[in-house]
Amino acid sequence: LTLPFLSIVSSWYEEVPELDQVTSNKNFTDSLTIGEQIFQVEVGHNHVCAIVSVSSSEYPSHEEDVYCWGSNYEGQLGDGGQSGDNSITPVRVELPTRDGSEITEISSGMDHTCALLDGSYMWCWGGNQYGELGDGTTNSSNEPILVDLNTAESPMIHSISTGGDYTCAINGDDIAFCWGRNDDGQLGVGNENDQTTPDNVDFNWTIDIAAGESNPDGYSANGIYTGTEHTCMIVSNSTITNDLYCWGNGQSGALGQGTNDSSNHPVRVQRSIMDEAWQEVTIGATHTCGWYLGAYHHLYCWGWNYDWQFGDGGTLGGTNVPTEMVYVEDLFSDDGINYYGPFLLPIGNGNACLGTYNVVDLFCWGHNNAGQLGSNFTESQSNVPVEVNIDNGENVNYLQDISIGYGTICVIVDQVSGNELYCWGLNDAGELGYTNEDSQDQYSNTSVLIDFSSSNTENGITDTAVAITAGEYHTCAILDDGSVSCWGRNTYGRLGDGTTTDRNIPTQTSSLGT
């Protein structure tokens, strides 16, 4: 089964509270006998949400719905239930009557989630301590709230991105708005005050009058990328094309402006070659990486490098200007292919990996305290990319998806016999998905094949993974029949299997997608 759109995203944060004493109060054992396909999964701090295609007599006018499960202490499930009334199986988010409108995107922050309908209207629910729901209050909501950009020019929204405790959106005129937590200036609105309603990202353009430059007439946002304390956006206007600006906490150098200053308005990321355009950005907690395109793709990183996140062979420390990964161009040279991507560049907790859809080659670097670099690599870390060997004796065609969790890395590869999922690294809570009961509380420095036969098998054929996310201590995959399987830590019922029992093998999430 080929799914029309697949996306699965993981979010996790430092200073995670202890969850062992938390129990779940809801158990909707018959809540989901409705789904056909899962189109997108978002993982927040302790809750999970998914876009589900619906074939239900109860909701005949809806082609998709959003379902959430896990923690509900801030109303993260959006079902109108009592705060703290957690759910160990998926529950339907109470979005308004939609008259057939399509849910095109969801995005989850730490304790809140937003949904975009028909690429126009945005609804948010959950935690609102800093105003991240954008309704003018700091009251959490267990039901979706319509976000009003309060602009007469183009109130429609076509892109959304949630940070840890804040939210950003791009409207129909390609103008960016942000709201919520702003103690580090991560909203880019010219101050450090929390904003409870959407506010324009405020550009304080730096121009060279002597060179004949003039203030540009507005801008067009091509993509906005939110982290926990800093934000980046690719913009164009009358004087620049696909340039990159960042704002927020710059103490690590993550803004790439040449200083370690923070900024409450966008500052231009330095680059050495002026005729090249930024294509994509990935944001870590204290560093940033991005591609820009000229004759070849160039990967640059900047910010803290205390875990060798850059993989450039340099020393510990950091930089406040983009540093090219000088080894990247050589990584794929032995395959006789052109180095054009597209690329996969997930960033984790002290690790990063690089792959391309063209070939199966995968390289990782950074910490290796739990075997994150794979391939029986025994050093405690590496400041250069280490090739990960993924091979079970079959011909491997190419990479399909990759995700990095707190210390776990998982990758889907296309092989002659079909897709296969491999994981390696940390396994404190069973997040590797071993079938061996004795394997929990260990780690693996070699790739382990994940077996889905215990999760869902039909007509003797075991389903395979088509999308993957590795969370903090749990992992979820979308399977080729449209269902979801999860494994690992299950406090708050985050695995959605109707229990709060940790699982070290893939376990079907209620009846989502079946």
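To be clear, the structure that these remarks concern was listed above.
Since the model is a prediction, treat every value here as computed from it, not as a measurement.

Rules used in this analysis
Every chain is numbered on its own, with residues counted from 1 as its sequence reads. Local features in this predicted model are restricted to residues of pLDDT 70 or higher, and side-chain atom pairs are both shown and tallied only at a pLDDT of 80 or more, whereas totals for entire chains, interfaces and linings draw on every residue. Side-chain numbers come from the whole structure's heavy atoms, not from hydrogens or water. When the centres of two rings from Phe, Tyr and Trp lie within 6.5 Å, Trp using its six-membered ring, the rings pair. Their planes under 30 degrees apart give stacked, over 60 give edge-to-face, and anything left gives tilted. Put simply, DSSP H or I for four residues or longer makes a helix, DSSP E for two residues or longer makes a strand, and each gets a number counted from the N terminus. Any Lys NZ or Arg CZ that is within 6 Å of a ring centre and within 35 degrees of that ring's normal is treated as a charge sitting over the ring. Any two cysteine sulfur atoms within 2.5 Å of one another count as a disulfide. Three exposure classes are used, based on accessible area relative to the maximum for each residue type with a 1.4 Å probe and protein chains only: buried under 20%, partly exposed in between, and exposed over 50%. When DSSP finds at least two bridges between two strands, those strands are taken to pair. In this analysis an axis means a line fitted to C-alpha atoms, helices contributing only their contacting stretch, and an angle means the value between N-to-C directions, from 0 to 180 degrees. Whenever Lys or Arg places a side-chain nitrogen within 4 Å of a carboxyl oxygen from Asp or Glu, that contact is recorded as a salt bridge. Counting of polar contacts relies on pairs of N or O atoms within 3.5 Å, with two restrictions inside protein: one atom must be capable of donating a hydrogen and the other of accepting it, and residues adjacent in sequence are counted only when both atoms are side-chain atoms. Note on definitions: a residue-residue contact is assigned when non-hydrogen atoms from the two residues lie within 4.5 Å.

Student: Kindly report on the packing of aromatic side chains, identifying the contributing residues and their values.
Tutor: Here the distance between the centres and the angle between the planes together describe a pair of aromatic rings. Taken as a whole, this structure holds 6 aromatic pairs when the rule is applied. Ring geometry for phenylalanine 203 against tyrosine 219: centres 4.6 Å apart, planes inclined by 50°, an arrangement best described as tilted. Linking phenylalanine 203 in the loop between β13 (195–200) and β14 (220–226) with tyrosine 219 in the loop between β13 and β14, this pair joins segments that are 16 residues apart in sequence. Chaining the aromatic ring pairs together yields one cluster made of Phe203, Tyr219 and Tyr245. The ring of tyrosine 473 carries the charged tip of arginine 489 above its face, separated from the ring centre by 4.6 Å.

Student: If you had to explain the state of the cysteines to someone new, which residues and values would you point to?
Tutor: Simply put, disulfide is the name for a covalent bond between the sulfur atoms of two cysteines. A complete count under the given rule lists 8 disulfides for this structure. Here cysteine 410 pairs with cysteine 423 through a disulfide, and the sulfurs are 2.1 Å apart. Taking the torsion about the S-S bond as the criterion, the cysteine 410 to cysteine 423 disulfide, at about 110°, is right-handed. Residue cysteine 410 is located in strand β27 (residues 408–415), and its partner cysteine 423 is located in strand β28 (residues 418–427); the two are separated by 13 residues in the primary sequence. For the residue pair cysteine 410 and cysteine 423, the accessibility class agrees, reading buried in each case.

Student: Now, about the sheet that holds strand β10 (residues 157–162): what can you tell me, with residues and values included?
Tutor: One key point about sheets: their strands pair by backbone hydrogen bonds, in either a parallel or an antiparallel sense. Strand order in this open sheet of 4 strands is β10-β11-β12-β13, and the pairing throughout is antiparallel. Each having just a single partner strand, β10 and β13 make up the two edges of the open sheet. Pairwise comparison of adjacent strand axes, ignoring direction, gives a mean angle of 20° for this sheet. Summarising the sheet, strand β11 (residues 166–171) and strand β12 (residues 176–180) pair through 5 bridges and their orientation is antiparallel. Paired with isoleucine 170 across the two strands is alanine 176, which belongs to β12.

Student: So what about the sheet that holds strand β18 (residues 277–283)? Which residues, and what values?
Tutor: Pairing in this open sheet of 4 strands is antiparallel, and the strands run β18-β19-β20-β21 from one edge to the other. One side of each edge strand has no neighbouring strand; the edge strands of this open sheet are β18 and β21 (318–324). Taken over all neighbouring pairs, the strand axes of this sheet differ in orientation by 15° on average, direction set aside. With 4 bridges connecting them, strand β20 (residues 297–304) and β21 associate as antiparallel partners. From the neighbouring strand, cysteine 301 faces β21, where its bridge partner is threonine 323.

Student: Lay out the pattern of salt bridges in plain terms, naming residues and giving numbers.
Tutor: Enumeration over the complete set of coordinates arrives at 6 salt bridges. Among the ionic pairs, aspartate 65 bridges to arginine 92, the shortest N-O distance being 3.3 Å. Of the two residues, aspartate 65 is situated in strand β4 (residues 64–70) and arginine 92 in strand β5 (residues 87–92); the sequence distance between them amounts to 27 residues. Arginine 92 carries the same exposure label as aspartate 65, and that label is buried. A salt bridge links arginine 181 to aspartate 165; the shortest N-O distance between them is 3.3 Å. Placement of the pair is arginine 181 in the loop between β12 and β13 and aspartate 165 in the loop between β10 and β11, with a sequence separation of 16 residues. By relative accessible area, which is 25% here, arginine 181 ends up partly exposed. One connected set of salt bridges, linked through shared partners, spans Asp65, Arg92 and Glu94.

Student: Break down the side chain of asparagine 351 for me, with residues and values.
Tutor: Residue placement: asparagine 351 occurs in strand β23 (residues 351–356). Overall, the relative accessible area of 2% leaves asparagine 351 in the buried class. Looking at asparagine 351, its side chain comes within polar contact range of the main-chain oxygen of tryptophan 365, at 3.3 Å. Among all residues touching asparagine 351, those that are not within four sequence positions of it are Trp365, Gly366, His367, Gln372, Leu373 and Ile404.

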